[in-house]
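# Architecture and fold: a report
Chain residues, written in single-letter form:
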Amino acid sequence: MSARFHLPILALALLSACGQPTLNLTGDGSAVGARIEVDGKDAGEMEKRVYSRRSSKVMKPGQVYAAAKIRLPAGTHDVKVTAKDGRSFSARLDVAGEAALGVDFEKGSLEN
């Protein structure tokens, strides 16, 4: 098969991935390394990020936070986030496009 046939297939795959619903999770530094489950299946881990923009009302440059981006099918999903120390929080949410959840182990909440 020639390269000209591979390009349309690749473009179609990229376009279909772009339209898939996304769940964005963010949290403070205590959420770094937390495991994420969606519908009872492992979906990833909250990764360490360092804020690098100008100071805002909630973040300062150099502040550590956690983030994860998960693609999932549209519909209702059960999301569970478990900290390294075993604390966990769950939420059920409907995802059609882009959804967001905030993870706060200090306050003990998982909120959208």
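This write-up is about the structure you can find in this document. (Residues numbered from 1 in each chain as written. Predicted model: local features only at pLDDT ≥ 70, side-chain atom pairs only at ≥ 80, totals over all residues. Heavy atoms only, no water.)

A tally of helices and strands in the chain yields 1 helix and 9 strands. Scanning the chain from its N terminus toward the C terminus, one meets helices and strands in the order α-β-β-β-β-β-β-β-β-β. For the chain, the proportion of its 112 residues judged to be buried stands at 32%. As presented, the chain carries roughly 7500 Å² of accessible surface, and 53% of it is formed by carbon and sulfur atoms. (Helix = DSSP H or I, 4+ residues; strand = E, 2+ residues; numbered from the N terminus. Buried < 20%, exposed > 50% of the residue type's maximum accessible area, 1.4 Å probe, protein only. Areas by Shrake-Rupley, 256 points an atom, 1.4 Å probe, with all protein chains shown as cover.)

Moving on, we come to the sheet that holds strand β7 (residues 88-95). Spatial ordering of the open sheet is given by β3-β2-β6-β7, a layout of 4 strands whose pairing is antiparallel. Of all the strands in the sheet, the pair left with one neighbour each is β3 (41-45) and β7. Across the sheet, the axes of successive neighbouring strands diverge by a mean angle of 25°, strand direction being ignored. As paired elements, strand β6 (residues 75-82) and β7 share 8 bridges and run antiparallel to each other. Residue pairing for β7: Asp-78 is matched across the bridge by Arg-92. (Pairing = 2+ DSSP bridges. Axes fitted to C-alpha atoms, helices over the stretch in contact; angles between N-to-C directions.)

This part takes up the sheet that holds strand β9 (residues 109-111). The sheet built from 5 strands is open, its strands ordered β4-β5-β1-β8-β9 with mixed pairing. The open sheet has two free edges, formed respectively by β4 (47-50) and β9, since each of these has just one partner strand. Between one strand axis and the next, the sheet turns through 25° on average, direction left out of account. Of the pairings in the sheet, the one linking strand β1 (residues 22-28) to strand β8 (residues 98-104) comprises 6 bridges and is parallel in character. When the bridges of β8 are listed, Leu-23 appears paired with Ala-99.

What follows covers unusual backbone geometry. Notably, Asp-39 is not glycine yet its phi reads approximately 55°, a positive angle. By the element assignment, Asp-39 lies in the loop between β2 (35-38) and β3. In this structure Asp-39 comes out as partly exposed when scored by relative accessible area, which is 40%.

On inspection of all chains with the given rule, the structure shows 5 salt bridges. Here Arg-35 and Asp-42 are joined by a salt bridge, their closest N and O atoms 2.7 Å apart. The class for Arg-35 is partly exposed, based on a relative accessible area of 35%. (Salt bridge = Lys/Arg side-chain N within 4 Å of Asp/Glu carboxyl O.)

It is worth spelling out the environment of Arg-71 at this point. Along the chain, Arg-71 falls in strand β5 (residues 64-71). A C-alpha to C-alpha distance of 9.2 Å links Arg-71 and Glu-98, two positions 27 residues apart in sequence. Side-chain polar atoms of Arg-71 contact the side chain of Thr-22, separated by 3.0 Å. (Polar contact = N/O pair within 3.5 Å; in protein donor to acceptor, adjacent residues only side chain to side chain.)

For the rest of this paragraph, the subject is the packing of aromatic side chains. Inspection of the entire model under this criterion finds 1 aromatic pair. Ring centres of Phe-89 and Phe-105 lie 5.2 Å apart, and the angle between their planes is 40°; on these two criteria the pair is classed as tilted. In this pair, Phe-89 is assigned in strand β7 and Phe-105 in the loop between β8 and β9, connecting sequence segments 16 residues apart. Across this residue pair, the class does not change: Phe-89 and Phe-105 are buried. (Phe/Tyr/Trp six-rings, centres within 6.5 Å; stacked < 30°, edge-to-face > 60°.)

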